[in-house]
Amino acid sequence: MEGKTLYTVTIFSENTVGVLNQITTIFTRRQLNIETLSVSPSALAGIHKFTITVFAESDEAMKKLVRQIDKRIDVLKAYFNVDNELIHQELALYKLATDKIMEHGSIEYLIRKYNIRVLEVNNDCVVFLKAGHYAETQGLFNELAEKIGVLQFIRSGRIAITKSKVERLSDMLAQREEMKQEQLSHPK
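Described below are features of the structure shown in this document. None of the values given here were measured: they were computed from a predicted structure. Throughout this description, residue numbers start from 1 for each chain and increase along the sequence as written. For a predicted model such as this one, the threshold for reporting local features is a pLDDT of at least 70, and the threshold for listing and counting side-chain atom pairs is 80 or more; totals across whole chains, interfaces and linings nevertheless cover every residue. The basis for the side-chain values is all heavy atoms of the structure; hydrogens and waters are excluded.

1. Description of unusual backbone geometry
Short version of the rule: Numbering of helices and strands runs from the N terminus, with a helix taken as a DSSP run of H or I at least four residues long and a strand as a DSSP run of E at least two residues long.
Despite not being glycine, Q31 shows a phi value in the positive range, around 55°. By the secondary structure assignment, Q31 is in the loop between α1 (19-29) and β2 (34-41).

2. Considerations on the sheet that holds strand β4 (residues 75-81)
Pairing between sheet strands relies on hydrogen bonds along the backbone, with the strands arranged either parallel or antiparallel. Put simply, the rule is: DSSP calls a pair of strands paired once it identifies at least 2 bridges connecting them. Working convention: axes come from line fits to C-alpha atoms, limited for helices to the stretch in contact. Angles between N-to-C directions cover 0 to 180 degrees. Residues count as neighbours in contact if any of their non-hydrogen atoms are within 4.5 Å of one another.
Taken in spatial order, the four strands of this open sheet run β2-β3-β1-β4, and their pairing is antiparallel. Sheet topology places β2 and β4 at the edges, where each strand pairs with a single neighbour. Within this sheet the neighbouring strands show an average axis-to-axis angle of 15°, counted without direction. Pairing of strand β1 (residues 5-14) with β4, which is carried by six bridges, proceeds in the antiparallel orientation. The residue of β4 that forms the bridge with S13 is V75. Across the sheet, α1 is in contact with β1, β2, β3 (47-56) and β4; its angle to β3 comes to roughly 15°. Running over the sheet, helix α2 (residues 59-70) touches β1, β3 and β4 and is turned about 170° from β4.

3. Looking at the packing of aromatic side chains
The following threshold applies: Pairing of aromatic rings covers Phe, Tyr and Trp, the last through its six-membered ring, and needs centres within 6.5 Å; plane angles under 30 degrees mean stacked, over 60 mean edge-to-face, and all others mean tilted. Accessibility here uses a 1.4 Å probe with only protein chains present; expressed as a share of the type maximum, an area under 20% marks a residue as buried, one over 50% as exposed, and anything in between as partly exposed.
As enumerated under the stated definition, the model contains four aromatic pairs in all. On the numbers, 5.7 Å between centres and 75° between planes, the contact of Y7 with F80 is edge-to-face. One end of the pair, Y7, is in strand β1; the other, F80, is in strand β4, and 73 residues separate them in sequence. Both residues of the pair, Y7 and F80, belong to the buried class. When the ring of Y94 is compared with that of F153, the centres are 5.1 Å apart and the planes differ by 40°; the resulting orientation is tilted. One end of the pair, Y94, is in strand β5 (residues 86-97); the other, F153, is in strand β8 (residues 152-155), with 59 residues separating them in the sequence. Residue classification places Y94 among the buried residues on the basis of a relative accessible area of 0%.

4. Quick notes on the nonpolar core
One broad rule of soluble globular proteins: the nonpolar side chains tend to lie buried together. Put simply, the test is: What we call a nonpolar core is a set of buried Ala, Val, Leu, Ile, Met, Phe, Trp, Tyr and Cys residues that are connected through their side-chain atoms within 4.5 Å.
By size, the foremost hydrophobic cluster in this structure holds 19 residues, and its most contacted members are V9, I11, I23, F27, M62, L65 and I69. When residues of this core are traced back to their parent elements, those giving at least two are β1, α1, β3, α2 and β4. Among residues more than four places away in sequence, those in contact with I11 are I23, H48, K49, F50, I52, I69, V75, K77 and A78. The next biggest cluster of nonpolar side chains, apart from the first, holds 13 residues, and it includes A92, L96, Y114 and I116.

5. Overview of a nonpolar patch on the surface
For the record, the criterion: Patches were defined on residues exceeding 30% relative accessible area and lacking a salt bridge, with like-charge contacts within 9 Å and nonpolar side-chain contacts (Val, Leu, Ile, Met, Phe, Trp, Tyr) within 5 Å. Every accessible area reported is derived by Shrake-Rupley at a probe size of 1.4 Å, with residue values counting cover from the shown protein chains alone. One side-chain nitrogen of Lys or Arg within 4 Å of one carboxyl oxygen of Asp or Glu is enough to make a salt bridge.
Together, L20, L37 and V39 make up an exposed nonpolar region whose accessible area comes to about 200 Å². Summarising the element assignment, L20 is placed in helix α1.

6. Focus on the environment of F27
Its place among the elements puts F27 in helix α1. On a C-alpha basis, the gap between F27 and Q68 in space is 9.6 Å, while along the polypeptide they are 41 residues apart. Apart from the residues within four sequence positions on either side, F27 is in contact with V9, L32, I34, I52, V54, L65 and I69.

7. Observations concerning the layout of surface pockets
Where we set the bar: Both cavities and pockets are sets of points on a 1 Å grid over the protein atoms alone; in a cavity a 1.4 Å probe fits but cannot get out, in a pocket the set is open with protein on both sides within 12 Å along at least five of seven lines, and lining residues sit with an atom within 4 Å of a point. Grid points are joined across faces, edges and corners, and a volume is the space filled by probe spheres set on the points. For this scheme, ten residues count as nonpolar: Ala, Val, Leu, Ile, Met, Phe, Trp, Tyr, Cys and Pro. Four count as charged, namely Asp, Glu, Lys and Arg, and the remainder, Gly too, count as polar.
Of the pockets and cavities examined, the largest pocket occupies roughly 200 Å³. As for the largest pocket, its lining consists of L6, E35, T36, T53, F55, H88, E90, H133, Y134, R155 and R158. Mapped onto the lining of the largest pocket, the elements with two or more residues apiece are β2, β3 and β5. Residues of the lining of the largest pocket, tallied by class, amount to three nonpolar, four polar and four charged.

Right, here's the structure in full:
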């Protein structure tokens, strides 16, 4: 997307029904298309982490988006980052016909070149797993599609962690707890 930056939005919430719909509605209202979406439990018990990638024009647009998401009652906190602030990966699965791979030659060549894992081999198909950035998983798809033919292909959404020492939500929750303790010890 020319003139736009890929941002990764991280949202922490409790696992409640409808929170995903509330979040995606905010993106829709701001006319931002979600590129990838991944949701899983976080390192903090009872809290889920949404990882969403989106192209946007500016940091200012992302600040407005995050402020809007933060207003949702079920959301604990939302953040946005650019790629150099994160460690991120995607997973991709590739299903190919076994006979086509054998015609092509060595599976070992593909394994070494792309650092892939073989998940399944049977008479009908071979399934590869590739972890990497979008360009890597797409590059492997392009080569396999061109040289062998891909029966099925699926890529996960981005999974990402910040380069900071602890999860950002941990800091926010610790500050909130300190303020709460301070208020209890010095009532007005």
